[in-house]
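Notes for the structure review
Take a look at the letters that make up each chain.
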Amino acid sequence: MQVIAGREENGSFTVHTPSSTANGLDEAGFAALARELEAAGPRWVFPSVELVYPVLVAAGVRVRRCYDVALAEGLLLAYEGVEGQSRSLRAAWARANDEEPPEEADAVELAQPTLFETHVPTLPEGVTMVTAVRRVLAEQERRVAAAEHPERLRLLLAAESASALAAAEMSADGLPWRADLHEQLLVSRLGPRVPAGQRPKVLVELAAKISEAFGGRPVNPDSPPSVVRALARAGIEVPAARKYLLKGIDHPAVGPLLEYKELSRLHAANGWAWLDEWVAEGRFRPHYVVGGVVSGRWASRGGGALQIPKVLRTCVRADPGWLLVVADAAQLEPRVLTALSGDRQLADVAAATDLYARLGEALFSGGRWVPAADDDRDDRARAKIAMLSAMYGGTSGEAGPLLGLLRQRFPAAVSYVERAAQAGERGERVRSRLGRTSPAPSAAWRALTGGLASDEAAELKARRASRGWGRFTRNFVVQASAADMTAVMLATLRQRLPAPAHLVFFQHDEVIVHTPAELAEEVSAAITDSVTEAARMLFGPACPVRFPMQIAPVETYADAK
DNA sequence: CACCCTCGCGCC
DNA sequence: AAATGGCGCGAGGGTG
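What counts and what doesn't
- Residues numbered from 1 in each chain as written.
- Chains lettered and ligands numbered in written order.
- Predicted model: local features only at pLDDT ≥ 70, side-chain atom pairs only at ≥ 80, totals over all residues.
- Heavy atoms only, no water.
- Pairing = 2+ DSSP bridges.
- Helix = DSSP H or I, 4+ residues; strand = E, 2+ residues; numbered from the N terminus.
- Axes fitted to C-alpha atoms, helices over the stretch in contact; angles between N-to-C directions.
- Contact = heavy atoms within 4.5 Å.
- Domains from an automatic or database assignment.
- Buried < 20%, exposed > 50% of the residue type's maximum accessible area, 1.4 Å probe, protein only.
- Polar contact = N/O pair within 3.5 Å; in protein donor to acceptor, adjacent residues only side chain to side chain.
- Near = heavy atom within 4 Å.
- Nonpolar A, V, L, I, M, F, W, Y, C, P; charged D, E, K, R; others polar.
- Salt bridge = Lys/Arg side-chain N within 4 Å of Asp/Glu carboxyl O.
- Phe/Tyr/Trp six-rings, centres within 6.5 Å; stacked < 30°, edge-to-face > 60°.
- Lys NZ or Arg CZ within 6 Å of the ring centre and 35° of its normal.
- Parallel < 35°, antiparallel > 145°, perpendicular 65-115°, else oblique.
- Left-handed = near helix turned anticlockwise from the far one by under 90°.
- Core = buried A, V, L, I, M, F, W, Y, C linked by side-chain atoms within 4.5 Å.

Let us look at the sheet that holds strand β14 (residues 549-554). Overall, antiparallel pairing links the four strands, which are arranged β12-β13-β11-β14 in an open sheet. Sheet topology places β12 (502-506) and β14 at the edges, where each strand pairs with a single neighbour. With direction set aside, neighbouring strand axes in the sheet form an average angle of 20°. Strand direction decides the pairing type here: β12 and strand β13 (residues 510-516), joined by four bridges, are antiparallel. From the neighbouring strand, phenylalanine 505 faces β13, where its bridge partner is isoleucine 512. Along the sheet, helix α21 (residues 456-496) contacts β12 and β13; its crossing angle with β12, the most-contacted strand, is approximately 160°.

What follows concerns the domain arrangement of chain A. Under the domain assignment used here, chain A contains domain 1 (2-146), domain 2 (179-275), domain 3 (286-332 + 485-559) and domain 4 (334-477). For domain 2 versus domain 4, the distance between C-alpha centres works out to 37 Å.

This part is about the side chain of arginine 436. Its place among the elements puts arginine 436 in the loop between α19 (411-425) and α20 (443-450). Under the relative-accessibility criterion, arginine 436 is labelled buried at 3%. Here the side chain of arginine 436 touches glutamate 160 through a polar contact of 3.0 Å, side chain to side chain. If near-sequence neighbours (up to four positions away) are discounted, arginine 436 is found in contact with Leu75, Leu156, Glu160, Ser295, Gly296, Val430, Arg431, Phe476, Ala480, Ala483, Asp484 and Ala487.

As a further point, take the protein's contact with DNA strand B. Within the structure, DNA strand B sits among 18 residues, and Ala241, Lys243, Arg297, Gln307 and Asp509 are positioned closest to it. For DNA strand B, the backbone makes up 84% of the atoms found within 4 Å of the protein, where backbone means sugar plus phosphate. One nitrogen or oxygen atom from the main chain of alanine 241 is found 2.9 Å from a phosphate oxygen belonging to DNA strand B. Within the side chain of lysine 243, a nitrogen or oxygen atom sits 2.9 Å from a phosphate oxygen of DNA strand B. In the surface near DNA strand B, the residues fall into six nonpolar, three polar and nine charged.

Inspection of every chain in the model, using the stated rule, returns 28 salt bridges. Across the pair arginine 142 and glutamate 139 runs a salt bridge whose closest N-O atoms are separated by 2.6 Å. Taken together, the residues span about one helical turn, with arginine 142 and glutamate 139 both in helix α6 (residues 129-145) at a distance of three residues. Arginine 142 gets classed as partly exposed once you look at its relative accessible area, which sits at 48%. Put simply, glutamate 428 and arginine 426 hold a salt bridge, and the shortest N to O gap is 2.8 Å. One continuous salt-bridge network, built from bridges that share partners, spans Asp375, Arg377, Asp379, Arg382 and Glu398.

Take the packing of aromatic side chains next. Evaluation of the coordinates by the stated rule reveals 14 aromatic pairs. On the basis of an interplanar angle of 55° and a centroid distance of 5.0 Å, the ring pair of tryptophan 177 and tryptophan 274 is categorised as tilted. Of this pair, tryptophan 177 sits in the loop between β6 (175-176) and α8 (179-190) while tryptophan 274 sits in helix α13 (residues 272-278); the two residues are 97 residues apart in sequence, bridging distant segments of the chain. When its relative accessible area of 2% is taken as the criterion, tryptophan 177 is described as buried. With a centroid separation of 6.3 Å and 5° between ring planes, the pair formed by phenylalanine 539 and phenylalanine 547 is classed as stacked. A network of ring pairs unites the aromatic residues Trp445, Trp469, Phe472 and Phe476 as a single cluster. Directly above the ring of phenylalanine 364 sits arginine 382, whose terminal nitrogen or CZ lies 5.6 Å from the centroid. A cation sits over an aromatic face here: arginine 431 above tyrosine 79, 3.6 Å from the ring centre.

A few words on the packing of α19 against α21. Orientation of α19 relative to α21, taken along the N-to-C sense of each, is 135°, at an axis distance of 7 Å. Considering their axes alone, α19 and α21 lie oblique with respect to each other. Regarding α19 and α21, the two cross each other, and that crossing is right-handed. When α19 is examined against α21, the residues Tyr416, Val417, Glu418, Ala420, Ala421, Gly424 and Glu425 are found in contact with a partner set consisting of Arg463, Ser466, Arg467, Trp469, Gly470, Thr473, Arg474, Val477 and Val478. Class assignment for the residues of the contact of α19 with α21 results in seven nonpolar, four polar and five charged.

Phe46, Trp177, Leu406, Met485 and Phe547 are the most contacted members of the largest nonpolar core, which totals 172 residues. In contact with phenylalanine 547, other than residues within four places in its own chain, are Leu332, Arg335, Val336, Ala339, Met485, Val531, Ala535 and Phe539.

Here we take up helix α2 (residues 49-58). Given 3.6 residues per turn, any residue in an α-helix points the same way as the ones three and four places further on. Those residues of α2 that sit buried are Val49, Val52, Tyr53, Val55, Leu56 and Val57. Where α2 terminates, the next one or two residues include glycine 60, which has phi positive at roughly 85°.

A separate point is helix α14 (residues 332-341). Across the ten residues that make up α14, a large majority, ten, are buried. All of the buried residues along α14 are Leu332, Glu333, Pro334, Arg335, Val336, Leu337, Thr338, Ala339, Leu340 and Ser341.

Attention now moves to the protein's contact with DNA strand C. The local shell around DNA strand C holds 25 residues, among which Ser223, Arg301, Gly302, Gly394 and Ser396 are the closest. Within the side chain of glutamine 307, a nitrogen or oxygen atom sits 3.0 Å from a sugar or linking oxygen of DNA strand C. Here a phosphate oxygen of DNA strand C sits 3.4 Å away from a polar atom, N or O, in the main chain of threonine 395. Looking at the surface near DNA strand C, the elements with two or more residues in it are α12 (254-270), β10 (299-301) and α21. For the surface near DNA strand C, the element with the highest residue contribution is α21, accounting for five residues.

Right, here's the structure in full:
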């Protein structure tokens, strides 16, 4: 059974089933009806999960299967190479009827809704939300069928929709966060709490030390230019005030400067203000943005959910009697590249749990590789650089020669990313395994790279822009395919988790499940199975690549890894 | 005053 | 020497 449910312009909800339509529902009525209908295991069709589902989640209603019309529209527009169009129901309806989509607030903004966006674009007179959804749905099905691999695109739309459900649920449930431990940590590092806008005691002292080391003239350590100027006065030329540049410098100000940078970052990004704003009732509740990144990775808005610093992970703690099952896919991207390219030799390497260690042996054991004089890395570290260079397009330092060695030994894998890079350099779009599609380069890029360069400088600029876009598309095929896989994994896992265990965090290639301790084993097994299932769905049952998960049932996130 | 850019650094 | 991908965010510093 299919159920269409969404918010109307007046804020009320409509729920449409094959046998009935309920109009004018308030939030409570919507939730009650949804709970009842969910028992039959329908496929819900929402104009936008993000706009509708939080209402149900807040009322304690969870749905198993859904289809997000807006997310699907965004993926299809990208697939078709249509730029600058809104993915809203209103715009999709207009396009389905060969009409010019009306002006909306801002197509870009609507394509990536901001926090708590509740604006519902007005449909034309006489067109109901349900009518529009049905029309757009039929059109989307036609567009999927016209794609090169309809079954892959269908899987992508389903997985992305399920991801949106998971995101809304995680935002509501929240990540267990011990504010008391966080405060203790802040006080021990920074000194007693200070009002917003003030420097904590320890930072004040460090700033004074820094100025003193520069001869008493005031230097603002928060201002990179100020630091660069102060160093210049001391006879030390640095291009910028970055940490890695400062590290090698012999000057009494450097020690306190580096300490200041670290602590000031803690205070500014995750200090008392952050705690007040983002943690309540023992939970950190960030807002995840599914489809927020072109490659299919999630973004987050506010709270920096995808950058929880390592030092604070000790504050992420399971409730008494519960555990956090922290799982991350080990070296996901090189494994995805192996599967994408079908590189047999690399698949043998990817049989190892530590792919880079095994790759180091394959590349360097008994080989003729002569490391650079200043290279004190081990084989594993060198192998990692070689692989990252293939996936990111790095050429500096030893990366170039290492990539050459990798190409010699694993031509299929390396040529896969190099073809993607060449396509990007020509301004073409590339696709992930399931059909996520890279955007076309900007008009400015085309102007820069398109014409005949007038002189050498212009030629160089054009070449640089072209290479830059090639690095983007090179990385896109891998990063976006990894996002395909984690979306499918998340969709599968969400279904398989034994209640009351639930997802509380997801970040690129890592999930955290909060579970009663006695279910931790079962949760771990569900995670392993979900990854295996995702790999099978993306790459087929014959795919030889292993995707090992590092799974740790822990009391605190800090104890994972 | 709002707005926008760059820098720098946190995460993957 | 350099030119490794994707993000969010806060501070500084400039603009209108």
